[in-house]
Amino acid sequence: MILQLILAIIFILISILLLLFIPLIIGAPFEPSKDDKIKTILKLSSPRKKDKILDLGSGDGRIVMAFAEKGYEAHGYEINPSLVLYSIIKSKIKHLKNAHFHLGNFWNKDISKFNTIILFQIGYIMPKLEQKIKKQCKNKTKIVSNKWTFPNLKPKKTENNIKLYIIKKIKK
């Protein structure tokens, strides 16, 4: 009986550790965007009221909530369950009905329904992310990147190390 209890406790502890540390292995590490960067992101993205915003790797949800506070429908994909839970709780406390958080890996998600995509990723994934964006995003989708650049896309505007890209699809 004691052995079973010890094994159960070990299993629970290992499960919790895996939930907390796997995101660090397969994704960018969590680094919250600073307030001045968020202001620049809001400014450069200049969304319309009907736009749908997506934050890839939403972390603690501060960017999603910043857009939701302005009345926009904003979504965040995050692989770390602890950060998703934190974001959901914080958005509920703030009564933000337009803030939506989704647990999951954005590589497996369809991002085509969003008009504006925000990201603060890490350099080595930018080539692969560029391919996903080119494949899935519609013409005139705005991509706003905190710090990191795409290898083959030219920013339309850069301010405070935030880059605005506008996707242009070639008509066939």
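Everything discussed here concerns the structure shown above.
Residues numbered from 1 in each chain as written. Predicted model: local features only at pLDDT ≥ 70, side-chain atom pairs only at ≥ 80, totals over all residues. Heavy atoms only, no water.

**Student:** Sorry, what's going on with the overall build of the protein here?
**Tutor:** Scanning the protein for helices and strands turns up five helices and seven strands. Put simply, the protein runs from its N terminus to its C terminus through helices and strands in the order α-α-β-α-β-α-β-β-α-β-β-β. The principal-axis extent of the C-alpha atoms belonging to the protein is close to 65 × 35 × 30 Å. In the protein, which comprises 172 residues, the share counted as buried stands at 41%. (Helix = DSSP H or I, 4+ residues; strand = E, 2+ residues; numbered from the N terminus. Buried < 20%, exposed > 50% of the residue type's maximum accessible area, 1.4 Å probe, protein only.)

**Student:** Could you clarify how one ought to interpret the sheet that holds strand E5 (residues 142-146) in this entry?
**Tutor:** In any sheet, the strands associate via hydrogen bonds between backbone groups, in a parallel or an antiparallel arrangement. Strand order in the open sheet formed by seven strands is E3-E2-E1-E4-E5-E7-E6, and the pairing between neighbours is mixed. Two strands bound the open sheet, and with one partner strand each, they are strand E3 (99-103) and strand E6 (157-159). Across the sheet, the axes of successive neighbouring strands diverge by a mean angle of 20°, strand direction being ignored. In terms of strand pairing, strand E1 (residues 52-56) meets strand E2 (residues 73-78) through five bridges, oriented parallel. Pairing of Ile-53 across the sheet is with Ala-74, part of E2. (Pairing = 2+ DSSP bridges. Axes fitted to C-alpha atoms, helices over the stretch in contact; angles between N-to-C directions.)

**Student:** Is there a simple way to think about unusual backbone geometry in this case?
**Tutor:** Most of the time, phi is negative for any residue but glycine, and the peptide bond is trans. One non-glycine residue, Lys-140, adopts positive backbone phi at about 75°. Its location among the elements puts Lys-140 in the loop between helix H5 (126-136) and E5. We classify Lys-140 as exposed; its relative accessible area is 63%. A positive phi angle is found at Asn-161, which is not glycine, with a value near 65°. Relative to the assigned elements, Asn-161 resides in the loop between E6 and strand E7 (162-166).

**Student:** Just checking my understanding: could you explain a nonpolar patch on the surface for this structure?
**Tutor:** On the surface, Ile-2, Leu-3, Ile-6, Leu-7, Ile-10 and Ile-14 cluster together to form a nonpolar patch covering roughly 600 Å² of accessible area. Relative to the helices and strands, Ile-2 resides in helix H1 (residues 2-26). (Patch = residues over 30% accessible without salt bridge, like charges linked within 9 Å, V, L, I, M, F, W, Y side chains within 5 Å. Areas by Shrake-Rupley, 256 points an atom, 1.4 Å probe, with all protein chains shown as cover. Salt bridge = Lys/Arg side-chain N within 4 Å of Asp/Glu carboxyl O.)

**Student:** Explain the pattern of salt bridges to me, please; I cannot follow it from the model alone.
**Tutor:** One side chain can pair with another of opposite charge once the charged atoms of both are near each other. Within the structure shown, the criterion is met by six salt bridges. Between Lys-52 and Glu-73 there is a salt bridge whose closest N-O contact spans 3.9 Å. Here Lys-52, found in strand E1, pairs with Glu-73, found in strand E2; they are 21 residues apart in sequence, far enough to count as distant. With a shortest N-O distance of 2.9 Å, Lys-134 and Glu-130 are connected by a salt bridge. With Lys-134 and Glu-130 both in helix H5, this residue pair falls four residues apart, about one helical turn. Among the residues examined, Lys-134 registers a relative accessible area of 34% and is labelled partly exposed. The buried category is assigned to Glu-130, whose relative accessible area is 0%.

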